[in-house]
Amino acid sequence: TFVVTENCIKCKYQDCVEVCPVDCFYEGPNFLVINPDECIDCALCEPECPANAIFSEDELPAGQEVFIEINADLSQKWPNITQIGEQPADREEWNGKPDKLKLLER
Ligand code: SF4
């Protein structure tokens with residue numbers, strides 16, 4: 001499965017949701033997640049992310065392993081998203097900032 005990782009927090013560009021053939025993205029206040037039971041590993045979303053926040057679970061950067069569980073958990077609780085909605089106005093400023101996990105709104 002593919003996993004949305006930390007750099008999506010407060011960036012939430014949402015380009016990924018438009019290309020997913022099985023509509024398996026779910027939306028929270030400032031982050032997106034992938035439902036691991038629905039993802040078919042097509043890899044289409046990975047290059048679409050302007051924040052480079054999407055990785056195969058087999059290729060997660062060091063320290064991002066916690067997001068496997070976060071995606072699995074929050075995709076059960078948040079609503080489905082299939083089209084780009086409003087993007088955070090300050091998304092470019094947050095792109096690349098470290099230690100954003102504490103800012104994740106659930
Ligand atoms: Fe959707 Fe494919 Fe990305 Fe999985 S890898 S979330 S199926 S676009």
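Treat the numbers as computed from the prediction; the structure is a model and nothing was measured. Residue numbers run consecutively from 1 along every chain, following the written order of its sequence. Residue-level local features of this predicted model are given only where pLDDT is at least 70; pairs of side-chain atoms are given and counted only at 80 or more, and the full residue set underlies all totals for whole chains, interfaces and linings. Side-chain numbers here rest on the full set of heavy atoms in the structure, without hydrogens or water.

A. Structural view of the overall build of the protein chain. A run of DSSP states H or I qualifies as a helix once it reaches four residues; a run of E qualifies as a strand once it reaches two. Both are numbered from the N-terminal end. Regarding its fold elements, the protein chain presents three helices and four strands. Across the protein chain, helices and strands are ordered from the amino to the carboxyl terminus as β-α-β-β-β-α-α. The C-alpha atoms of the protein chain give 12 Å as radius of gyration, which agrees with the globular expectation for 106 residues (13 Å, within 12%). When the backbone C-alpha atoms are referred to their principal axes, the protein chain occupies close to 30 × 30 × 25 Å. We call a residue buried when its accessible area falls under 20% of the maximum for its residue type, exposed when it is over 50%, and partly exposed in between, using a 1.4 Å probe and counting protein chains only. Within the span of the protein chain, comprising 106 residues, buried residues form 42% of the whole. By the convention used here, residues are in contact when the closest approach between their heavy atoms is within 4.5 Å. Restricting the contact set of the protein chain to residue pairs at least 6 apart, pairs at least 24 apart contribute 76%. All accessibility values rest on the Shrake-Rupley procedure with a 1.4 Å probe; residue burial counts only the protein chains present in the view. Accessible area of the protein chain: about 5600 Å², with a carbon and sulfur share of 46%. Charge assignment: positive for Lys and Arg, negative for Asp and Glu; neither His nor the chain ends contribute. In plain terms, the charge of a residue is placed at NZ if it is Lys, CZ if Arg, CG if Asp and CD if Glu. Charged side chains in the protein chain number 8 positive and 22 negative. The centres of these two groups are separated by 11 Å. Between the two quantities, the radius of gyration covers C-alpha atoms and the globule rule is 2.2 Å times the number of residues to the power 0.38.

B. Broad picture of the site of the ligand. Contacts to the ligand come from Phe2, Cys20, Pro21, Val22, Cys24, Phe25, Ile34, Cys39, Ile40, Cys42, Ala43 and Cys45. Broken down by class, the residue content of the shell around the ligand amounts to 12 nonpolar, no polar and no charged. Any residue with a heavy atom positioned within 4 Å of a molecule or strand is treated as near that molecule or strand. Here the term charged refers only to Asp, Glu, Lys and Arg, the term nonpolar to Ala, Val, Leu, Ile, Met, Phe, Trp, Tyr, Cys and Pro, and the term polar to all other amino acids, Gly among them.

C. Representation of the nonpolar core within the structure. Among the nonpolar cores identified, the biggest contains 30 residues, and Phe25, Phe31, Ile34 and Ile54 are the most heavily contacted of them. Counting only elements with at least two residues in this core, the list comes to strand S1 (2–4), helix H1 (15–19), strand S2 (25–27), strand S3 (32–34) and helix H2 (66–74). In this structure Phe31 touches Val4, Thr5, Cys8, Ile9, Lys12, Tyr26, Phe67, Ile70, Trp78 and Leu104, once residues within four positions along its chain are discounted. Throughout this description, the term nonpolar core refers to a set of buried Ala, Val, Leu, Ile, Met, Phe, Trp, Tyr and Cys residues connected via side-chain atoms within 4.5 Å.

D. How the structure looks around the packing of aromatic side chains. Here the aromatic set is Phe, Tyr and Trp, taking the six-membered ring for Trp, and pairing holds for ring centres within 6.5 Å; pairs whose planes are under 30 degrees apart are stacked, those over 60 apart are edge-to-face, and all others are tilted. Under the defined criterion, the tally for this structure stands at one aromatic pair. In this scheme, Lys NZ or Arg CZ marks a charge over a ring once it lies within 6 Å of the ring centre and within 35 degrees of the ring normal. Just above the ring of Trp94 sits the side chain of Lys97; from NZ or CZ to the centre is 4.7 Å.

E. Looking closely at the side chain of Thr5. Position of Thr5 relative to the elements: it lies in the loop between S1 and H1. Given a relative accessible area of 2%, Thr5 falls into the buried group. Dropping the residues within four chain positions of it, Thr5 is found in contact with Phe31, Ala53, Phe55, Leu60, Gln64 and Phe67.

F. Quick look at the pattern of salt bridges. A pairing counts as a salt bridge when a side-chain nitrogen of Lys or Arg comes within 4 Å of a carboxyl oxygen of Asp or Glu. In the structure shown here, the tally under the stated rule is two salt bridges. The shortest N-O distance in the salt bridge between Lys12 and Glu27 comes to 2.9 Å. Separated by 15 residues along the polypeptide, Lys12 in the loop between S1 and H1 and Glu27 in strand S2 bring together distant segments of the chain. Residue Lys77 is joined to Asp73 by a salt bridge in which the shortest nitrogen-to-oxygen separation is 2.8 Å.

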